[in-house]
Amino acid sequence: MGMITVKQIADDLLACNVMSCEEVNTIACEKVEQEASRMMIYMILNKGSEACNILVRSLEKHNPFLFHDLQGYCTTGQVEQDKLNDLIQDLKYVYLSSAFQKYHPLGSEIDIIFDLGTAYTDVLLWKKDIHNSRKGQLTLNVLLEELKNPCIIEGEAGKGKTTLLKRIAVLWASDNCSALKKFQFVFFISLTSTRGGIYETVCDQLLFEQYPICKQDFMKMLLAQRQRVLFLLDGYDEFKPQNCPEIEAMIKENHKFKNMVIIATRTESIHKIRQFGSLIAEIGDLSEESCKKLIKNVLTNKLADGLLNQLKEATSMKNLMKTPLFVIIACAIQMGESNFHPSTQTLLFSTLYDLMVEKNRYKTKEITENHIMLSINHCGDLALDGIFDQRFDFQAEDLADVKEEVLLASGLLNKYTAQRLKPTYRFFHKSFQEYTAGRKLCKLLTSCQEAEVKKGYNYLQKINTISDITNTYFNLLLYTCGSSLDATRIILDFLKRIDQHRDISQLFSLKNLALESKYTTAPENVTETEDLNKTDRDIFADCVINFFYESSSKSALSRDFEEFFCGKSIYINTQNIPIYFSDFFKYLPNCVSVLGLIKLDFFGNDSPNKEIDDENVEDLQISSLKTYIPEKAVSLFFNWNQSLRSLEITLQDFNKLKKRDIKYLGKICCSAASLKLRISNSAGITGTLNAVLETCENLQDLTVESTPLTVEDEQQITTMTKLKTLHIRDLQSENLEGGLIDGIKKLVNAEGLVLDNISMDEGDAKKIAEGIRNLRKLRLLYMNHLTAIGDGITYIVRSVSDELSELEEIQLVNCCISSEAVEILAQNLCNLPKLNVLDLSENYLEKKGKDAIDRLVDGLSVQPGIKVLMLPWGDDVKVCLTKLLELLEKMPQLTKLGLRKWSLTDVEVRILGNFFEKEHLKNLQHLDLSMNCATSDGWLSFMQPLISLKKLISVDFSSKQDWVPASLLVCKLSQVLTTLDYLKEIKVTGWKFDCHDLGLINDAKVNCRKQFQLVHS
């Protein structure tokens, strides 16, 4: 109530003989007003009801506002409800107002106004899972019906995130959406200009200061209304949590507020909040129809027809027009420049840039041309420095050397002064700042002045990693290449150097998840490091193709690009083939021919628009009908006049495969000298696989997963004598006479054979054992999860160890392997001189396990080149640990070790820790010590030695039973994890962490900028 009011009331109480002078002095000496108020109230409460009445009357006299506010809490609450009703109406008035719905798409300095009602078009949203994979499409109405809290809307710049959130606010205000009627209040907040708390921000952006509802009432309302309040938080990528911690808490600790939240953020920033999202939706591309609708709604008929015709002719712009922002810019430019001809993003922004500068020169006619050019040049420096500092807000001191009015008049910068002590300057859009920076970098790199060139190269030297190129500075380099052919050549030379000197530590970035999820999984025999490199090359190559397309260089730099693309791999998702691939194949055929691998995915889950009952209709009719294999993919490969090195094709989720699809597939396959084919979850291919394989003459690698096969299909596989690798997974149908198992012996050129989780009994295993004796070139044999083959595994092991001297990798996981089979293998390891991978995990050797492991360790002494060693378990096998460690001392190249279910106690774990501390296994990347019997003491002693394994990528310390780790162990674990630079995953299933434990580990992870994933119960 304030110290003055307290003293005034105390004087009244003294005058009425309610309080003594000593009591009044005691209150007056209290420095903290809250304590003084509390002390006075406690004194009066002990003096009876009449004393309380005197205090209340004094409060009414000296602070009537507080008196009436407090009185409101004691009455019926009708006044409070009236205030809430007024708040609802005020919010609706804001959202339906012209100020909210009409905006300047190019900044307030250019008097072009769009209306939300006409500029908004229905968007397509992709629901995403925790792995960042798309799991289905959503419309806005479905999103609102299925809304979960918090909900994150992600999208690239200009995808329409702000417009979408504004649309939700307008729908609520207009009562036109049933899904929004459950919300009493909807607050649209721009996170770029938050201040103070939630209340202050709401008043600042939507209401006014001194709003009739005070902050205390407002916050109580939020708590009381719970999920009847919806916050629309726009622009998390530009949000500074320190400006408004309450909003940050609402997102990351939503359980404290319980209000519904929808947050919009750019894709590159979603990693900051992805873990908190209950529902994540990505804004998809603007459809062609929506693009046309938007153009027609925004422009007059004449201008709309002109722009649509230009876009139809400039096919390269179709990809750009999938982003609403660029459609808006194109429309705005069309309003002021009838001769505009779009081609690339850079050209679009270049036209916009020149338009903004030239059209507004009249505003600065009193300023000399020299000052204008200096100011515009400094604007480029400002943009470029901002990109490298990740800064998008600028202060007055940043413009100290230039004429502020030049940049404001041209619209290159916007100035924000409302509710600020100091003005803030921003480019009208982050993408425009990136373009301006790229334009400036191009000018520096291609300058005739040595000082400017040196300055440009100094900027490039700040880009150190592949992740920097594919994420942080991608758009900067894109616009630099788009601005000049010479700049493109310089950037390409720079990219080659980065590619040649990169380090594996550069690849660990959660920002890459969105791109990584596009690519197919690497074969199981590839190590984690190799897999990451391959995925990284895919991303990097795709990035450089974008730079090529943006440069509009066509064939001019073909030889320069060829050196980069030699041996690289690229990925093409045929659901949406980017336009830049067409130009890449057309203008850089020499680069396509030197690619090491092209990955091509086809999906059959989307049914064609039309079904054909008669497959023999005229060719002209057929060409007009949809197929699962898109004609665009056919023309991309079949029209190309040189042979590809290697092509990897995936057919996934096919419920049907037509004759035309098979024909198209054959046209694509014939373009490659080497072909890999992967078929997954495609029951529609059953019975037609034989026809598909007949078109694949150069097939060298075949993978069939979760797809039933007929005997004809299996027989066709066995005739593919050029096959080098065959993978069959998740096939539980009965084995047919004369099928794959009987014909496996025909695949004499096979170098890899993977049989995983397929139906196979002991008799089948014996046939396999006999058949693989003919596969003398076999280097890789994986037979996993074959739980019904019984003693058949013994026959397989005997054949393998007797006949297949070229074998490099053996994996027999969970396949009934017995002590006898292990002893046979141990005895004949000398026949396998090239063996470097031996995985016998998930096999129980029973009582004779100790003897079998002992003999296996003896046998491995002749295999010093082993890189992967995953051992089975059995009774008392832990007694072999000391002998095993003596063997491992001679295997410094070991990268993977597994002692799962070895019943290791604290004693054995300490022995193992002492061994690792001596750094005998410096190259170890994967360690599996799961399902053992160590306690907190044992694991605690193991933490320090773990630091010696500096190259660890994954570890598994999972336990058989749930248990609670000691606090000291959790602390030590969090410290150790932050020292392992390459760690990607740690499994501790069974370890029961509480929220404090998880918070400690996560804080250590965040503070040290680590990217590992903790898998726990």
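Predicted model only: the values in this text are computed from it and were never measured.

Enquirer: How do you make sense of the pattern of salt bridges when you look at a structure like this?
Expert: Oppositely charged side chains may form a pair once their charged atoms are brought near each other. Across all of its chains, the model carries 34 salt bridges by this definition. Between Arg 776 and Glu 803 there is a salt bridge whose closest N-O contact spans 3.2 Å. One end of the pair, Arg 776, is in the loop between α36 (762-771) and β19 (780-784); the other, Glu 803, is in helix α37 (residues 792-803), with 27 residues separating them in the sequence. Its relative accessible area of 26% is what places Glu 803 among the partly exposed residues. Taking the shortest distance from any N to any O, the salt bridge between Glu 919 and Lys 922 comes out at 3.9 Å. One connected set of salt bridges, linked through shared partners, spans Arg 678, Glu 705, Arg 729 and Asp 756.

Enquirer: How do you make sense of the environment of Ala 750 when you look at a structure like this?
Expert: Locating Ala 750 in the fold gives a position in the loop between α35 (740-743) and β18 (752-758). Ala 750 sits in the buried class, given a relative accessible area of 5%. Separated by 25 residues in sequence, Ala 750 and Leu 775 place their C-alpha atoms 6.4 Å apart. Each residue touching Ala 750, except ones within four places of it in the same chain, is listed here: Leu 723, Lys 724, Lys 777 and Leu 778.

Enquirer: What am I meant to see in the pairing of strand β3 (residues 125-128) here?
Expert: For a regular strand, the rule is simple: side chains alternate between the two faces of the sheet. Both β3 and strand β4 (residues 134-138) contribute to a ladder of three bridges, which runs antiparallel. Looking at the pairing, Trp 126 lines up with Gln 137 of β4. Of the pairings in the sheet, the one linking β3 to strand β9 (residues 279-283) comprises four bridges and is antiparallel in character. In the sheet register, Leu 125 faces β9, and the bridge partner there is Ile 283.

Enquirer: Can you walk me through the sheet that holds strand β5 (residues 151-155) in this structure?
Expert: Sheets are built from strands that pair by backbone hydrogen bonding, the pairs being arranged parallel or antiparallel. The strand order β4-β3-β9-β5-β8-β7-β6 describes an open sheet built from seven strands, whose pairing is mixed. At either margin of the open sheet sits one strand with a lone partner, and together these are β4 and β6 (185-190). This sheet shows a mean twist of 25° between the axes of neighbouring strands, independent of strand direction. Lying over the sheet, helix α13 (residues 245-252) contacts β6, β7 (229-234) and β8 (260-266), oriented at roughly 110° with respect to β7.

Enquirer: Where do I start with unusual backbone geometry in this structure?
Expert: If a residue is not glycine, its phi is most likely negative; likewise, a peptide bond is most likely trans. Residue Asn 149 is joined to Pro 150 through a cis peptide bond whose omega torsion reads -10°. With respect to the helices, strands and loops of the structure, Pro 150 is situated in the loop between α9 (140-145) and β5. Unlike most non-glycine residues, Asp 876 shows phi in positive territory, near 60°. Its place among the elements puts Asp 876 in the loop between β22 (868-870) and α40 (881-888).

Enquirer: What am I meant to see in helix α34 (residues 711-718) here?
Expert: Given 3.6 residues to a turn, an α-helix orients residues that are three or four positions apart in the same direction. Counting buried residues in α34 gives six out of eight residues, a clear majority hidden from the surface. Buried residues in α34 make contact with α33 (689-694), β16 (699-705), β17 (725-731) and α35.

Enquirer: Explain the confidence of the model for the protein chain to me, please; I cannot follow it from the model alone.
Expert: Scored by pLDDT, the protein chain comes out at a mean of 83, with 88% of its residues at no less than 70. Contacts for the low-pLDDT stretch residues 606-625, under 50 throughout, to residues beyond four places or in other chains number 22 contacts.

Enquirer: I would appreciate a short explanation of the side chain of Arg 426 in the present structure.
Expert: Here Arg 426 shows up in strand β11 (residues 424-426). Among the polar contacts made by the side chain of Arg 426, one reaches the main-chain carbonyl oxygen of Thr 192 at a distance of 3.1 Å. For Arg 426, the side chain forms a polar contact with the side chain of Asp 393, separated by 2.4 Å.

Enquirer: What is the right way to look at the packing of aromatic side chains in this model?
Expert: To describe a pair of aromatic rings, you give the distance between the ring centres and the angle between the ring planes. Applying the stated criterion across every chain yields a total of 33 aromatic pairs. Pairing Tyr 236 with Phe 239 gives two aromatic rings, centres 5.6 Å apart and planes at 50°, and the pair type is tilted. The buried category is assigned to Phe 239, whose relative accessible area is 8%. Centroid distance Phe 584 to Phe 585: 6.1 Å. Interplanar angle 80°. Geometry classified as edge-to-face. Of the two residues, Phe 584 and Phe 585, neither departs from the other in class, the shared state being buried. Each member of the aromatic cluster is reached from another via a ring pair, and the members are Phe 540, Phe 548, Phe 561, Phe 564, Phe 565, Phe 584, Phe 585 and Phe 637. Note that Lys 568 overlies the ring of Phe 564, its terminal NZ or CZ placed 4.5 Å from the centroid.

Criteria and thresholds
Residues numbered from 1 in each chain as written. Predicted model: local features only at pLDDT ≥ 70, side-chain atom pairs only at ≥ 80, totals over all residues. Heavy atoms only, no water. Salt bridge = Lys/Arg side-chain N within 4 Å of Asp/Glu carboxyl O. Helix = DSSP H or I, 4+ residues; strand = E, 2+ residues; numbered from the N terminus. Buried < 20%, exposed > 50% of the residue type's maximum accessible area, 1.4 Å probe, protein only. Contact = heavy atoms within 4.5 Å. Pairing = 2+ DSSP bridges. Axes fitted to C-alpha atoms, helices over the stretch in contact; angles between N-to-C directions. pLDDT = per-residue confidence, 0-100. Polar contact = N/O pair within 3.5 Å; in protein donor to acceptor, adjacent residues only side chain to side chain. Phe/Tyr/Trp six-rings, centres within 6.5 Å; stacked < 30°, edge-to-face > 60°. Lys NZ or Arg CZ within 6 Å of the ring centre and 35° of its normal.

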